[in-house]
Amino acid sequence: MAASEVDFVLVDSRPMLRDCFGLLDEGVEAILARCPSERINGADVYTAVINGACELRLVRVDLDIAGFVVTYKNVDLVGRGTLFVWLLYLTPGIPDTMGEIVAELELMAKEQECQAIEFCTTRPAWERRLQTHGFRPKAILLSKEVV
């Protein structure tokens, strides 16, 4: 079986964002179904992207859109930057793309001069899945140093 080609598309315009709103809304709803204490929806994420508070990248597998990742940069009091993965959604049934996603996150972190990537979750499956890619749990926060 041939490996899948995975790439990422930065959503950098209103028309692109409008075009992918259905996926964004679907993904946020699916994520929050497992996190009932959260109070966001697709429109909140849309607004955050429009206002420049975060970046949205579509995940494509063999040229088909298969999910998205929403990130933003945090800077602590001593100036250490961290790329925070706010939301990550992959449509059910796609091939395992976690290696490619982590590689892209590392590239993004380096481009934004971040020293780490953080991913917060309430789902133990993410911890198991991301440990093989160098993440380690910090309470419910998974973190990976970027070198």
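Quick note: structure is the one above.
Residues numbered from 1 in each chain as written. Predicted model: local features only at pLDDT ≥ 70, side-chain atom pairs only at ≥ 80, totals over all residues. Heavy atoms only, no water.

**Q** For this particular structure, what's the right way to read the environment of Leu83?
**A** Note that Leu83 resides in strand β4 (residues 81-90). Taking relative accessible area as the criterion, Leu83 reaches 0% and is therefore assigned buried. When the C-alpha atoms of Leu83 and Cys114 are compared, they prove to be 6.1 Å apart, with 31 residues separating the residues in sequence. Once you skip the residues sitting within four places of it in the chain, Leu83 turns out to touch Thr71, Tyr72, Leu105, Met108, Ala109, Gln112, Cys114, Ala116, Ile117 and Glu118. (Helix = DSSP H or I, 4+ residues; strand = E, 2+ residues; numbered from the N terminus. Buried < 20%, exposed > 50% of the residue type's maximum accessible area, 1.4 Å probe, protein only. Contact = heavy atoms within 4.5 Å.)

**Q** I'm lost on helix α3 (residues 42-50) in this one. Help?
**A** Residues three or four positions apart in an α-helix share a direction because the helix packs 3.6 residues into each turn. Of all the positions in α3, only Gly42, Val45, Tyr46, Ala48 and Val49 are classed as buried. Angular distribution of buried residues about the axis of α3 spans 165°; they occupy a single face of the element. Buried positions along α3 lie against α1 (14-19), α2 (21-33), β2 (55-61), β3 (64-75) and β4. For α3, the N-terminal capping position is held by Asn41, with its side-chain oxygen 2.9 Å away from the main-chain nitrogen of Ala43. A positive phi of about 80° marks Gly52, the residue just after α3. (Arc of directions from axis to C-beta. Polar contact = N/O pair within 3.5 Å; in protein donor to acceptor, adjacent residues only side chain to side chain.)

**Q** Explanation requested: the packing of aromatic side chains in the structure shown.
**A** For any pair of aromatic rings, the description rests on two quantities: the centre-to-centre distance and the angle between the ring planes. Following the criterion strictly, the structure yields 3 aromatic pairs and no others. Each ring, one from Phe21 and one from Tyr46, has its centre 5.8 Å from the other, and the planes form 80°; the classification is edge-to-face. One end of the pair, Phe21, is in helix α2; the other, Tyr46, is in helix α3, and 25 residues separate them in sequence. Centre to centre, the rings of Tyr72 and Phe84 are 5.3 Å apart; their planes meet at 45°, and the pair counts as tilted. Placement of Tyr72 in strand β3 and of Phe84 in strand β4 is noted, with a sequence separation of 12 residues between them. (Phe/Tyr/Trp six-rings, centres within 6.5 Å; stacked < 30°, edge-to-face > 60°.)

Such coordinate-based values are descriptive only and should not be taken to indicate function.
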